[in-house]
Amino acid sequence: MDARAPGLAAGYPASMRRLCEAFSRMPGVGRRTAERLTYYVLRASSDEAAELAAAIQAVKQSVGYCSVCHNVTETDPCEICADPRRDHATVCVVEEPKDVIAIEAGGEYRGVYHVLLGRLSPLEGVEAEDLTLDALSQRVRSGQVREIVIATSPNLEGDGTALYIHRQLAPLGVKVTRISRDVPSGSSLEHSSPSIINDAILGRREM
Ligand SMILES: [Zn+2]
């Protein structure tokens with residue numbers, strides 16, 4: 001049996017195979033899990049199945065990306081970009097929306113964000129144009145930004161992304177800082193405690 005085969009064998013009803021294939025396209029879901037999820041839906045009550053379908057549709061209909069910071073949001077601009085109490089001259093650059101949630105949990109940072117939606121990865125073919133780097137440059141060129149705080153992952157790709165951003169933005173006259181490396185090397189913000197994240201932001205240094 002090929003564990004990488006996309007779904008159920010040809011003898012199953014077409015609708016079950018369709019659902020199984022849809023599950024198997026999800027990240028981290030192998031064939032076995034896709035089969036289990038398909039059987040879960042089959043056994044679920046009509047209400048449970050309808051709720052699952054409605055929840056998927058609701059995310060697609062009501063959640064989008066903030067046109068300013070590219071975080072996930074149900075309003076545009078997002079709540080953070082729309083908050084006049086935040087320091088809009090300080091922009092923290094993170095890889096993913098989950099990093100915003102981790103830094104917000106720390107409670108120390110009062111600036112705004114820019115979500116790259118990934119990081120530069122030559123091995124995985126992720127290049128500058130795949131990220132929201134142009135939009136970040138435009139924010140800086142608008143003249144409203146005083147400091148860029150780079151909080152990409154403390155690993156090779158996160159460092160490479162930070163260097164690229166520094167090279168791109170420093171000539172525009174903006175201060176570019178990097179959060180301190182007290183976040184354990186190789187680990188991500190989301191797995192760091194709020195106090196470690198606060199310390200990393202407070203201990204940021206100019207690149
Ligand atoms: Zn926003």
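Structure shown above.
None of the values given here were measured: they were computed from a predicted structure.

A. Representation of the sheet that holds strand 3 (residues 87–94). With mixed pairing, the 5 strands of this open sheet are ordered in space as 4-3-5-6-7. Lying at the two open borders of the sheet, with one neighbouring strand each, are strand 4 (111–115) and strand 7 (205–206). With 4 bridges joining them, strand 3 and strand 5 (residues 147–150) adopt parallel strand pairing. Residue pairing for strand 5: Cys92 is matched across the bridge by Val149. Against the sheet, helix 5 (residues 133–141) makes contact with strand 3, strand 4 and strand 5, and its axis sits at roughly 150 degrees relative to strand 4, the strand it touches most.

B. Here's a closer look at unusual backbone geometry. Here Asp76 and Pro77 are connected by a cis peptide whose omega angle stands at 0 degrees. Inspection of the secondary structure puts Pro77 in the loop between strand 2 (72–73) and strand 3. Phi at His70 is positive, roughly 70 degrees, even though this residue is not glycine. Position of His70 among the secondary structure elements: in the loop between strand 1 (64–65) and strand 2.

C. Fine view of the coordination of the zinc ion. At 2.3 Å from the zinc ion lie its protein donor atoms, namely Cys66 (SG), Cys69 (SG), Cys78 (SG) and Cys81 (SG). The coordination sphere of the zinc ion comprises 4 donor atoms, whose angles at the metal cover 106 to 116 degrees; the geometry is tetrahedral. Here the donor residues of the zinc ion share one chain and are spaced in sequence as C-x2-C-x8-C-x2-C. Considered together, Cys66 and Cys69 belong to a single accessibility category, that of buried residues.

D. Here's a closer look at the pattern of salt bridges. The final tally for this structure, using the stated rule, is 8 salt bridges. Of the charged contacts in the structure, one is a salt bridge between Glu95 and Arg119, with a shortest N-O distance of 3.1 Å. One end of the pair, Glu95, is in the loop between strand 3 and helix 4 (97–106); the other, Arg119, is in the loop between strand 4 and helix 5, with 24 residues separating them in the sequence. Since its relative accessible area comes to 25%, Arg119 is described here as partly exposed. Its salt-bridge partner being Asp159, residue Arg178 comes within 2.6 Å of it at the nearest N-O pair. Of the two residues, Arg178 sits in strand 6 (residues 175–178) while Asp159 sits in helix 6 (residues 156–169), which places them 19 residues apart along the sequence. Within the structure, one salt-bridge network assembled from shared partners comprises Glu95, Arg119 and Glu157.

Criteria and thresholds
Residues numbered from 1 in each chain as written. Predicted model: local features only at pLDDT ≥ 70, side-chain atom pairs only at ≥ 80, totals over all residues. Heavy atoms only, no water. Pairing = 2+ DSSP bridges. Helix = DSSP H or I, 4+ residues; strand = E, 2+ residues; numbered from the N terminus. Contact = heavy atoms within 4.5 Å. Axes fitted to C-alpha atoms, helices over the stretch in contact; angles between N-to-C directions. Donors = N, O, S within 2.8 Å, 3.2 Å for Na, K, Ca; no water. Tetrahedral: all angles 85-135°; square planar, octahedral: opposite > 155°, others 65-115°. Buried < 20%, exposed > 50% of the residue type's maximum accessible area, 1.4 Å probe, protein only. Salt bridge = Lys/Arg side-chain N within 4 Å of Asp/Glu carboxyl O.

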